[in-house]
Amino acid sequence: MTMDLKDKKIVLGLSGGVACYKAAELCRALTREGASVQVVMTEAATHFITAVTMQALSGNPVHTDQWDTRIANNMAHIDLTRGADAILVAPCSADFMRKLAHGACDDLLSTLCLARPRAVPLLVAPAMNVEMWQNPATQRNLAQLRADGVAIFGPAAGEQACGEVGLGRMLEPLDLLEELIAAFQPKLLAGRRVLITAGPTFEAIDPVRGITNLSSGKMGYAIARAAREAGADVTLVSGPTALPTPHGVRRTDVQSAQQMHDAVMAAVGGQHVFIGVAAVADWRVVNASDQKMKKQEDGAAPVLQFEQNADILACVAATTSLSGWPYCVGFAAETENLVEYGAIKREKKGIPLLVGNIGHHTFGQDDNTVILFDETGHTVLPRADKLTLARQLISEIAKRLEQRSLLK
Ligand code: C5P
């Protein structure tokens, strides 16, 4: 929990759709991240979920009526958005998209959207049947909303409550939470393409056994998320992990170092940044068995032969020398003399930036302390959770890309 929405005031609008049930979970996720949530529901939304549920989860009175005479000045449509950090309409029905696209103001939620100050971003999460979504009328409204600067989250494709399958499902609450948090992050890598490796590799011994390491993938996944938040187009090549893919990140799964190498080399063309975070096996087993190896009667142990794997980072860095791209960032986990070894490793790998993990105990942990090595020396990023460090690293990379383009 990074409390990324601490002190943020969010107006959560619900319009009519069965996805209202997901808004309850979303509301909880927002408050858990520290947001203060003010729920406003259309009349249609109250047919799908009660205002009492949203009141209990937000801890605030819920507004459902434009004509509420208990509000002294009857100016809820103004008061609710003054001081708000964002309005998120989730679910946003096809009809509510129509209203927003046309500037309608015939209920409290549409009126407050229209009356919001320009600085308050309007974010919507469409939710509707696939045919409704694909209908040219909805697509026209969508284009209008985009042109008006409204951020559109989703929709996702999949099975729908009506039984049909296709685009139109509201994003899951945690994906919406990630989108909202991302909306508040500076777009330091807008227009940039970033390729990242993460996790361990798995080198097979036989069809059911192999050699791997303790990398959890958490740091690489956090960096992928931070790069996406910063506006980059992100590709993640991942060894086996149990982690969910950060929202909006393209992910290719691999097992062995060889597969990781091939996936990276296939994707590296046109990338602006390559960040090698994966703990890649240095060796692969060359005499792996096609069948499961059996225990021997005489107790003899198998004899494994190894061959060195290609250094993926070095291969990518070699392509950089031709075109100047991508900007390469490596990681190093040393158990001793990190300051000395880190500087040497950066030179040896031929990369502009190397991130040193202090100790190898970082594997699987949620926190980390790192040292950045570049041509000017080294800087410590003090202990923090991996997402915070990932955001700092992205900002350091963006700064260096900026300097490079100024030098050209
Ligand atoms: O040399 P060492 O393994 O310590 O270097 C670590 C860095 O090199 C990490 O960025 C890691 O992702 C990358 N690496 C690689 N391919 C290998 C070995 C390491 O890309 N075969």
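Residues numbered from 1 in each chain as written. Predicted model: local features only at pLDDT ≥ 70, side-chain atom pairs only at ≥ 80, totals over all residues. Heavy atoms only, no water.

Judged by pairing direction, the sheet is mixed, and its eight strands sit side by side in the order β12-β11-β8-β13-β16-β17-β18-β19 without closing on themselves. Whereas interior strands pair on both sides, the edge strands pair on one side only; in this sheet they are β12 (250-253) and β19 (377-385). Strand-to-strand, the axes of this sheet are offset by a mean angle of 20°, without reference to chain direction. One ladder, built from seven bridges, connects strand β18 (residues 367-374) with β19; its direction is antiparallel. Bridge pairing in β19 links Phe-373 to His-378. Along the sheet face, helix α9 (residues 218-229) touches β8 (193-198), β11 (233-238), β12, β13 (273-276), β16 (327-334) and β18 and points at about 165° away from the line of β11. Contacts between helix α11 (residues 312-323) and the sheet are confined to β13 and β16, with β16 contributing the most and set at about 155° to the helix. (Pairing = 2+ DSSP bridges. Helix = DSSP H or I, 4+ residues; strand = E, 2+ residues; numbered from the N terminus. Axes fitted to C-alpha atoms, helices over the stretch in contact; angles between N-to-C directions. Contact = heavy atoms within 4.5 Å.)

Okay, the state of the cysteines next. Applying the stated rule across the entire model yields zero disulfides. The thiol sulfur of Cys-105 is not disulfide-bonded, and the nearest other cysteine sulfur, from Cys-113, lies at 11 Å. Cysteine Cys-162 is unpaired, with the sulfur of Cys-20 as its nearest cysteine sulfur at 16 Å. (Disulfide = S-S within 2.5 Å.)

Attention now moves to the pattern of salt bridges. Counted by the stated rule, this structure contains 21 salt bridges. Residue Arg-251 pairs with Asp-253 through a salt bridge whose shortest N-O separation is 2.8 Å. Where Glu-396 meets Lys-399, a salt bridge forms, and the shortest distance between an N and an O atom there is 3.4 Å. Of this pair, Glu-396 and Lys-399 both sit in helix α13 (residues 386-407), three residues apart, which is roughly one turn of the helix. When salt bridges that share partners are traced, they join Asp-4, Arg-225, Glu-229 and Arg-391 into one network. (Salt bridge = Lys/Arg side-chain N within 4 Å of Asp/Glu carboxyl O.)

Quick look at the environment of His-247 now. Position of His-247 relative to the elements: it lies in the loop between β11 and β12. Not counting residues within four places of it along the chain, the set of residues in contact with His-247 comprises Leu-171, Asp-175, Glu-178, Glu-179 and Arg-228. Of the polar contacts made by the side chain of His-247, one reaches the side chain of Glu-179; its length is 3.0 Å. (Polar contact = N/O pair within 3.5 Å; in protein donor to acceptor, adjacent residues only side chain to side chain.)

This part is about the site of the ligand. Close to the ligand lie Gly-276, Ala-278, Val-280, Asp-282, Ala-310, Asp-311, Ile-312, Leu-313, Gly-330, Phe-331, Lys-345 and Lys-349, which account for all nearby residues. Between a nitrogen atom of the ligand and a main-chain N or O atom of Ala-310, the distance comes to 2.9 Å. A distance of 2.9 Å separates a nitrogen atom of the ligand from a polar atom in the backbone of Ile-312. The protein chains hide 85% of the 450 Å² of surface that the ligand would expose on its own. Put simply, the parts of the chain that give the shell around the ligand at least two residues each are α11, β16 and α12 (338-349). Considered class by class, the residues forming the shell around the ligand number six nonpolar, two polar and four charged. (Near = heavy atom within 4 Å. Areas by Shrake-Rupley, 256 points an atom, 1.4 Å probe, with all protein chains shown as cover. Nonpolar A, V, L, I, M, F, W, Y, C, P; charged D, E, K, R; others polar.)

The next point concerns the nonpolar core. One finds Leu-189, Ile-196, Ile-223, Ile-275 and Ile-397 to be the most contacted residues of the largest nonpolar core, which totals 36 residues. The element best represented in this core is α13, accounting for eight residues. Residue contacts for Ile-223: discarding those within four places in its chain leaves Ile-196, Ile-275, Val-277, Phe-331, Ala-390, Leu-393 and Ile-394. Leu-5, Ile-49, Ala-125 and Leu-171 belong to the second-largest nonpolar core, a separate cluster that totals 33 residues. (Core = buried A, V, L, I, M, F, W, Y, C linked by side-chain atoms within 4.5 Å. Buried < 20%, exposed > 50% of the residue type's maximum accessible area, 1.4 Å probe, protein only.)

Along its sequence, the protein is organised into domain 1 (9-183) and domain 2 (193-285 + 302-407). The gap between the C-alpha centroids of domain 1 and domain 2 is 38 Å. Contacts between the two partners involve six residues from domain 1 and, on the opposite side, six residues from domain 2. A combined buried area of about 570 Å² lies between domain 1 and domain 2, and 47% of that area is made up of carbon and sulfur atoms. Our count for the domain 1 to domain 2 interface comes out at one salt bridge. Of the charged contacts, one joins Arg-228 and Glu-179 as a salt bridge, the two residues approaching to 3.4 Å between their closest N and O atoms. In this structure, the connection of domain 1 to domain 2 is made through three residue pairs in polar contact (both at pLDDT 80 or more). Of the residues contributing to the side of domain 1 that touches domain 2, the split by class is three nonpolar, no polar and three charged. (Domains from an automatic or database assignment. Buried area = accessible area lost by both parts, 1.4 Å probe.)

Turning next to the packing of aromatic side chains. Two aromatic rings, taken as a pair, are described by how far apart their centres are and by the angle between their planes. Per the stated rule, a full pass over the model turns up zero aromatic pairs. The aromatic ring of Phe-184 is capped on one face by Lys-8, whose charged end is 4.9 Å from the ring centroid. The ring centre of Trp-325 lies 4.7 Å from the NZ or CZ of Arg-404, which sits over that ring. (Phe/Tyr/Trp six-rings, centres within 6.5 Å; stacked < 30°, edge-to-face > 60°. Lys NZ or Arg CZ within 6 Å of the ring centre and 35° of its normal.)

A separate point is the sheet that holds strand β5 (residues 151-152). Note: strands within a sheet are paired through backbone hydrogen bonds, in either parallel or antiparallel orientation. Taken together, the five strands give an open sheet; going across it, the order is β2-β1-β3-β4-β5, and neighbouring strands pair in parallel fashion. A single partner strand is all that each edge strand has here, and the edge strands are β2 (36-41) and β5. As judged from the four bridges shared by strand β1 (residues 9-14) and strand β3 (residues 86-92), these two strands associate in the parallel manner. Along β3, the bridge assignment pairs Leu-12 with Leu-88. Its contacts with the sheet place helix α8 (residues 173-183) against β1, β3 and β4 (122-126), and it is angled at close to 155° to β3.

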